[in-house]
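The chain contents come next:
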Amino acid sequence: DGGITQSPKYLFRKEGQNVTLSCEQNLNHDAMYWYRQDPGQGLRLIYYSQIVNDFQKGDIAEGYSVSREKKESFPLTVTSAQKNPTAFYLCASSPGRHQETQYFGPGTRLLVL
Amino acid sequence: RKEVEQDPGPFNVPEGATVAFNCTYSNSASQSFFWYRQDCRKEPKLLMSVYSSGNEDGRFTAQLNRASQYISLLIRDSKLSDSATYLCVVNLYSGGYQKVTFGTGTKLQVIP
């Protein structure tokens, strides 16, 4: 079954702690994306990657970091520098090469303790 | 002006009604457009792409008006299961990179 998986579904972070959200896809897509969604708001782009070993900052990259060492994987680290991390985090992928339709994973809800 | 704007709603319509949403975009160089559906506390799912000539998928019709810089989604014969938030998405390629912008969504509630 092809798709995008995100784990965990819920994640709790303590003050000053870094946490990493997993995103894996087996769709053979080149491009991957991380979004943040706050209650009642739209999706805001954190980071995206169009190809392995390359990624670009989105609109709200501060306090986040990513890596793209493998085509299938695009983990997001929420660092302690992100002062308001409570949100719904969505990972997406698209075929790339100007095929922009994005397919989303089920999301991770991050809560700060 | 926001890059992509949608009326947040909610649109409360009775079953069987026809409802239409618009989404305006600010960058005239935008190249591709989509409608997504998002259920409460779930991920967005692609509803349909929007083509220049307009396109239809069952009860759903999407249209693009480049001159006035908006896209629209028409839902005919609304079902209870259509209740969701509808997001428009605008894509632009610039300098070799893709810029994807989501609208904040329009909430639809179909009432029995």
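Predicted model, so just to flag it, every value in this text is computed and none were measured.

1. Structural notes on the pairing of strand β7 (residues 60-65) of chain B
Residue and element names in this part refer to chain B. Where strand β6 (residues 55-57) and β7 come together, 3 bridges link them in antiparallel fashion. Directly across from D57, in β7, lies its bridge partner F60. Pairing of β7 with strand β8 (residues 70-75), which is carried by 6 bridges, proceeds in the antiparallel orientation. If you follow F60 over to β8, its bridge partner there is I75. Where β7 hands over to β8, the hairpin turn is made up of 4 residues, of which Q69 adopts a positive phi near 55°.

2. What to know about the interface of chain B and chain A
Taken residue by residue, the interface counts 21 residues in chain B and 22 residues in chain A. Together chain B and chain A conceal approximately 1,800 Å² of surface at their shared face, both sides included; 50% is due to carbon and sulfur atoms. On the surface where chain B and chain A come into contact, there are 1 salt bridge. Between D59(A) and K99(B) there is a salt bridge; the shortest N-O distance is 3.8 Å. Summed over the shared surface of chain B and chain A, the result is 2 residue pairs in polar contact (both at pLDDT 80 or more).

3. Overview of a nonpolar patch on the surface
A surface patch of nonpolar side chains, amounting to about 420 Å² of accessible area, comprises Y10(A), F12(A), L111(A) and L113(A). Its place among the elements puts F12(A) in strand β2 (residues 10-13).

4. Looking at the side chain of S72(B)
Structurally, S72(B) is set in strand β8. Here S72(B) is in contact with F21(B), N22(B), W35(B), T61(B), A62(B) and Q63(B), once residues within four sequence places are set aside.

5. Considerations on the sheet that holds strand β3 (residues 19-25) of chain A
Residue and element names in this part refer to chain A. One open sheet holds the 4 strands; their spatial order is β1-β3-β8-β7, and the pairing between them is antiparallel. Strands at the two margins of the open sheet, each flanked by one partner only, are β1 (4-7) and β7 (64-66). Neighbour-to-neighbour, the strand axes of the sheet open up by a mean angle of 20°, direction not taken into account. Both β7 and strand β8 (residues 76-78) contribute to a ladder of 3 bridges, which runs antiparallel. Bridging from a neighbouring strand, V66 pairs with L76 of β8.

Reading the values: rules and limits
Residues numbered from 1 in each chain as written. Chains lettered and ligands numbered in written order. Predicted model: local features only at pLDDT ≥ 70, side-chain atom pairs only at ≥ 80, totals over all residues. Heavy atoms only, no water. Pairing = 2+ DSSP bridges. Helix = DSSP H or I, 4+ residues; strand = E, 2+ residues; numbered from the N terminus. Contact = heavy atoms within 4.5 Å. Buried area = accessible area lost by both parts, 1.4 Å probe. Salt bridge = Lys/Arg side-chain N within 4 Å of Asp/Glu carboxyl O. Polar contact = N/O pair within 3.5 Å; in protein donor to acceptor, adjacent residues only side chain to side chain. Patch = residues over 30% accessible without salt bridge, like charges linked within 9 Å, V, L, I, M, F, W, Y side chains within 5 Å. Areas by Shrake-Rupley, 256 points an atom, 1.4 Å probe, with all protein chains shown as cover. Axes fitted to C-alpha atoms, helices over the stretch in contact; angles between N-to-C directions.

In short, geometric facts, not functional conclusions.
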